[in-house]
Structure formats: structure tokens, C-alpha cells
Amino acid sequence: MKAENDLRQYCLNRPDRLNRITRTARTDRASGAPPDPLPTTLQGFAMTEQPADHSDHSASAPRTPSTPQTVRWTTPPTDGGERLDGRSVALVSADRVLTGKRGQTEGSLEVLGGADDAGARAAGRGGAILVRGREILAAGTAAELEGRLSELVPDVDPREVVRLDLPGATLMPGLIETHDHLPTSGTDVEYPDYGPHEVARLTLNAARAARELLSEGVTSVQSLGARHYVDVALRDAVDAGELRGPRIVASGPQITTTGGHAHHAGGAADSVDEIRRQVRRHHLMGVDTIKTMATGGFTTGGSAPWFAQFTVEELRVMFDEAHRLGKWTAAHAHGVQGIERAVRAGVDYVAHASFVSEAGRTEFDPRLADEMANAGVYVDCTIVAGLPGFIASDSSYAPPARLLWEHGVRIVAGHDAGIPGSPQRAYVGGLQALEEVGLPRNEVLLAATSRAAAGIGRAGVAGVLAAGFEADFIAVAGDPRQDLSVLHNLRLVAARGREFRPDRVEGLPAREAPAEPIGPAVTLAEWRERSVRLARHPEV
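Keep in mind it's a predicted model, so treat the numbers as computed, not measured. (Residues numbered from 1 in each chain as written. Predicted model: local features only at pLDDT ≥ 70, side-chain atom pairs only at ≥ 80, totals over all residues. Heavy atoms only, no water.)

### Looking at the pairing of strand E3 (residues 127-132)
Regular strands place their side chains on alternate faces of the sheet. Here is the rule: Throughout this description, buried means an accessible area under 20% of the type-specific maximum (1.4 Å probe, protein chains only), exposed means over 50%, and partly exposed covers the range between. Segments assigned H or I by DSSP are reported as helices when at least four residues long, segments assigned E as strands when at least two residues long, and all are numbered from the N terminus. By the convention used here, strands pair only if DSSP detects at least 2 bridges between them.
Counting buried residues along E3, five of its six residues qualify, which places the element largely inside the surrounding structure. Sheet analysis places strand E1 (residues 89-102) next to E3, joined by six bridges and oriented antiparallel. Bridge pairing links Leu91 to Leu130 in E3. Here E3 pairs with strand E4 (residues 135-141) via six bridges, running antiparallel. Residue Ala128 lies in a different strand from E4, and its bridge partner there is Gly140. The loop that links E3 with its antiparallel partner E4 comprises two residues; one of these, Gly133, has a positive phi angle of about 65°.

See below:
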């Protein structure tokens, strides 16, 4: 009976195992190993399942052995072509592993292993991680982990460990998008009129965006604004394994003022009591992050990004209530006044920090930068793929990512993804742009992995390849420390230990700086023109 119970548990835990044990032999396609043996207690039960015995046996009646029956499937299980199933023990190796930690020398990254040729890989000098299900058990060289298998997984026959070697590749933590709007259309019209089907279409948009991000190697994303809490529903579906997507940190609708930036999302609040009510409503709906619009924005008519929308007291009530409920906090803030108020009120994360002034230009404040660094806030300067070209044509609006970093501010990779001009598939282009505006390449890699994980409230969970972290990782052909463009060349994407086969991604041509103002430049141009008109009017 013990063996029968073991077989049932073995197959319940791993449906694919039952398919495996009905075969007489199997060759592991990743390693060329011989057919995997069954655990000792299951030998003799291969290709059979013991039927339940419901007869009434008396003490004197001898037990008659039941006849083994071949398992029959209506639809047999398949692996979908995935080399990592998110359940098994797997040893994944490559030329090197970037762990997501800093190296021992200033400006460097920790690297495990180093095998640039077949001989070095054969000697086990490449980097590797050992994964069990969705958890990383260890990281080191391939030879080291091979030698520790009996210690790390004493209950697993080493011959049953899945082995996946990726020569010429670098293993690294999965990328992280800290600032996304999943439900948007992905077109030049952020929110088309979907009529009575709005909730359904926004949910479908979000599911599409999640797959697009994962196809780019993004394994975690913070959603910073979603109508109808569709990001919460999508998060739950991904967590349950019903849909494939990155880990989602959901915020629901942004909390703003009546008529304020993004008021269309449905999160308006105009008093301390209304602010508390909104935070509690968001908590009831299951959000992870409370996101507020501390200033106006560029894309809402009648909203100016350099003006604050809430007082320090209102923001403090909002963030204190959010923290009391165990939520992360984030603030959209462009202008100095709004940034300052959010930081002093205790926010965890600031989006944009463009330091844009009423004059319609970036005016960096080093004193405020030091205050941000001392407070330990995380900042995404929303350096999107096309921004360096815009700055080259008009440097008056230039989010100061490099200057903030020099003052010790924790810069993370966030792109306001999903809004017009910043599609999800432009993620790697945004990292290249962040390097182009002055952030060192290794800092960009940290901003996209381990620091980004901390920046979305997932420190100790994601962003690092080390024991105890979740198995979110990618493999890229080449070494991103030498060239960030290799991040486009994915050899493997694994989210929570399970491989994801990327979808086809439409190409995205580089955008030239436009001759006429578009997007934020329209608002800036209008306010500059207004200032010029005011200046030339006579004193009367």
C-alpha cells in the first residue's frame, strides 16, 4: 500500500510524471541522459495504476491481488516544449552567472563561473543555478553544484535532475519593469472608447501586455495605474497558473484629485477622509501598491505637471494608512514641489522626478536630490527609448537620472510602459537609453534587476540569483556587461521556475525627434508660449 500511495502522490504532484512512467524509455533532450529511473518505492508500478478496492473483506477472507490496469488518457499531458516545468529539480548552466549583486571592486557586478570555450565548460567552470520548482536552491559553478547535489537535494536521484546547458550565454535575473500601465491599448490612443465592453477589453489588453513583457524577458512588473482593478485580477490569474505572465505588483486606479491627472481612472479624493476611504477601498480590492498623483501630468487636459495636487498632510495620511495596511507606496511627481511633499510624507517610490518647473524646463535641485537619497526612496526617471533623441533636439526637458544617481538616489528601470510612445516591447531600448543619458552600464543592469525588485517592494523575493529567491531568470547570448543589446537575444526565459516560450514580437523602429512638439512637449510648448505672452503685455 505504501508504494501505491507513493505512486499516487508522485503523479498528483507532477502530472507529467505519470506520462513519463507509462513510457518504457525516455531520453532527456537537454542533456542526452539515459532514461530516468523511478524512485525505488515506485519500481514495479510503471505503466500501471492500482484500481480502488471497494469490496467488504472479512478477517477470514484472503485478499485477492487486483489486476493492474494500463492508464488510459482522454487527453494525455504534454510539456508544451518547455525545458523547465516549474516542478522538477533542474541544474541550469551557462558560460557565467550574473547574480544581481555588486562585485568586490567598485562599479563591478558579482559573476559566478567563467567558461568562454568548450573545454572550460566541460571542466565545469561555467556558472550555474540549481532550481527546485519555483525556488533557487543554490548558485555557483557547474562543477560545484554537481558535486553538491546529494547535499542540496538528498531525496532526489542525481540522474533525475534535469540538466540544461546554454553555451555562449549569460544567466541573469529576470528583468523588472517598475512602472507599467498594463490595460492600455498599446496604440497612440491610450484608452479608446470601448463602450459597454470596457472592462473586458481592458482586461484583454492587460493579458496581452503581460505576455509581451514576458516575451522581452521581463519576469516582474509593477502596475502603476489600472482602471477597474483589472491588474489585480490578472495578478491573481498569473499567480494561479491560469495565464502566463510576469509577477505582477498591482495598484488599481491612481489616487488623484477631482479633475486632476488621471482622474478618469476613478480614484479621486479631495479630503483627508476621502483619501483614507480610497486607500481602504484599494486595500479591500486587493492591491499591493497605493499609487498617487502628487503632481499634475502631461497627458491630462487642464493638468500641469509642475503643480502639486496634494498637501504634505494629505500625502502623509495616505502613505501612513497604506503602510498600516502593509502596502507599498508610489507617487507620480514631476515638479519640485510635488517631489518634495511626497518624500517628506514618507513615500517609497517616485515616478518621473523630472524636476520640471513652471517655466516648462528641467531645473535640478541638488538639495532635494540629497533629501531623496537620505530618505532611501526609489526613483524611475522614465527614460524611454526615444528620450535621448528628444533631449538632443531640446535639452530644456531632461529628467536628471545621472545627477540623481551621483547624489546617491536609487535609480530603477521604469518606462511608464503602455502609454503612447512607450510600448512594453521597448523595454530593452529604455535600458539602452538610460545608459545613453549617463548611467553606467552595470548600474543599468542593477536598476533593471535587484534594485528594481527592491523598488517594487519585492526585496528578498526576486531580482537576485541566490538561494531562497524565486526562480525568475533569463539567459542571453553574450555578456550584457559588454553590450546591453544582447538582452534582445534571449536564449531562455523562466518565470517562477517554468520556462516561457516567447511570443513573436513586432519590430519597433527607432523614432526620430519630431519637428513638431508631441506628447509632453506639447504641454511644455503651450506653457512657454503663455509665459512669453504674459511677459510682452504692457503694464496697465
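Here the narrative resumes, following the displayed structure.
### Points about the nonpolar core
The test is simple: We call a set of buried Ala, Val, Leu, Ile, Met, Phe, Trp, Tyr and Cys residues a nonpolar core when their side-chain atoms join them within 4.5 Å.
One finds Leu175, Met318, Met372, Val379 and Leu404 to be the most contacted residues of the largest nonpolar core, which totals 76 residues. Ranked by size, the runner-up nonpolar core spans 23 residues in total, among them Leu84, Ala94, Ala466 and Ala494.

### Section: the environment of Ala94
Definition in use: We call two residues in contact whenever any of their non-hydrogen atoms come within 4.5 Å of each other.
Within the secondary structure layout, Ala94 lies in strand E1. The exposure class assigned to Ala94 is buried, which follows from its relative accessible area of 1%. For Ala94 and Pro167, which are 73 residues apart along the polypeptide, the C-alpha to C-alpha distance reads 5.4 Å. If we ignore the near neighbours within four places in the chain, the residues touching Ala94 are Gly126, Gly127, Asp165, Leu166, Ala169, Thr170 and Leu171.

### With respect to unusual backbone geometry
Phi is positive for Tyr229, which is not a glycine, with a value near 60°. On the secondary structure map, Tyr229 appears in the loop between strand E7 (218-223) and helix H7 (230-239). For Thr382, which is not a glycine, the phi torsion comes out positive at approximately 55°. Within the element layout of this structure, Thr382 appears in the loop between strand E12 (378-380) and helix H12 (387-393). Overall, the relative accessible area of 14% leaves Thr382 in the buried class.

### Brief notes about the sheet that holds strand E8 (residues 247-249)
The line we're drawing: To get an axis, fit a line to the C-alpha atoms, keeping to the stretch in contact for a helix; angles then go from 0 to 180 degrees between the N-to-C directions.
Read from one edge of the open sheet, three strands run E6-E7-E8, paired in parallel fashion. For this open sheet the edge positions go to strand E6 (175-180) and E8, each flanked by a neighbour on one side alone. Ignoring which end each strand starts from, the neighbouring axes of this sheet average 15° apart. The strands touched by helix H6 (residues 198-215) are E6 and E7; relative to E7, the strand with the most contacts, the crossing angle is about 140°.

### Some words on the packing of helix H8 (residues 272-285) against helix H9 (residues 312-324)
Heads up, the condition is: Each angle receives one of four descriptions, namely roughly parallel if under 35 degrees, roughly antiparallel if over 145, roughly perpendicular if within 65 to 115, and oblique otherwise. The hand of a helix crossing depends on one turn: near helix anticlockwise from the far one by less than a right angle means left-handed, and clockwise means right-handed. As a working rule, the residues Ala, Val, Leu, Ile, Met, Phe, Trp, Tyr, Cys and Pro are called nonpolar, Asp, Glu, Lys and Arg charged, and the rest polar, with Gly in that last group.
One way to put it is that H8 packs onto H9 with a least axis distance of 9 Å and a crossing angle of 25°. With respect to H9, the axis of H8 lies roughly parallel. H9 is crossed by H8, and the crossing has right-handed handedness. Contacts between H8 and H9 pair Val272, Ile275, Arg276, Val279 and Arg280 from the former with Glu313, Glu314, Val317, Met318, Glu321, Ala322 and Arg324 from the latter. Classifying every residue of the contact of H8 with H9 gives six nonpolar, no polar and six charged.

### Quick look at the pattern of salt bridges
Stated formally: By salt bridge we mean one thing: a side-chain nitrogen of Lys or Arg within 4 Å of a carboxyl oxygen of Asp or Glu.
For the structure shown, the criterion picks out 36 salt bridges. For the salt bridge of Glu470 with Arg134, the shortest nitrogen-to-oxygen distance reads 3.2 Å. Here Glu470 is found in the loop between helix H16 (450-455) and strand E14 (473-477), whereas its partner Arg134 is found in the loop between E3 and E4, with 336 residues between them in sequence. Accessibility expressed as a relative area gives 38% for Arg134, which makes it partly exposed. Note that Arg344 and Glu340 form a salt bridge whose closest N and O atoms lie 3.3 Å from each other. With Arg344 and Glu340 both in helix H10 (residues 336-345), this residue pair falls four residues apart, about one helical turn. A residue is classified by how much of its surface remains accessible, and Arg344, at 42% relative accessible area, is partly exposed. What emerges from the salt-bridge pattern is a single network uniting Glu340, Arg344, Asp365, Arg367 and Glu371.

### Description of the side chain of Thr256
Defined as follows: Counted as a polar contact is a pair of N or O atoms within 3.5 Å, where, for protein atoms, one must be capable of donating a hydrogen and the other of accepting one, and residues adjacent in sequence contribute only when both atoms are in side chains.
You can see Thr256 is positioned in the loop between E8 and H8. Here the side chain of Thr256 touches His261 through a polar contact of 2.9 Å, landing on its backbone oxygen. In terms of polar contacts, Thr256 uses its side chain to reach the side chain of Gln309, at 3.0 Å. The contact partners of Thr256, leaving out residues within four places of it in the chain, are His261, Ala262, His263, Gly267, Ala268, Ala269, Met293, Gln309 and Phe310.

### Side note on the packing of aromatic side chains
Filter applied, for reference: Only rings of Phe, Tyr and Trp enter the pairing, Trp through its six-membered ring, and a pair is recorded when the two centres are within 6.5 Å. The plane angle decides the type: under 30 degrees is stacked, over 60 is edge-to-face, the rest tilted. Consider the ring centre and the ring normal. A charge sits over the ring if Lys NZ or Arg CZ is within 6 Å of that centre and within 35 degrees of that normal.
Applying the stated rule across the entire model yields three aromatic pairs. Ring centres of Phe298 and Tyr397 lie 5.6 Å apart, and the angle between their planes is 80°; on these two criteria the pair is classed as edge-to-face. Highlighted residues: Phe298 in the loop between strand E9 (289-293) and H9 and Tyr397 in the loop between H12 and helix H13 (401-406), separated in sequence by 99 residues. For the pair Phe298 and Tyr397, one class covers both residues: buried. Ring centres 6.4 Å apart and planes at 45° place the aromatic pair Trp328 and Tyr378 in the tilted group. One end of the pair, Trp328, is in strand E10 (residues 328-333); the other, Tyr378, is in strand E12, with 50 residues separating them in the sequence. Assigned by exposure class, Trp328 and Tyr378 land together as buried. Lying over the aromatic face of Tyr191, Arg227 brings its terminal NZ or CZ to 4.0 Å of the ring centre.

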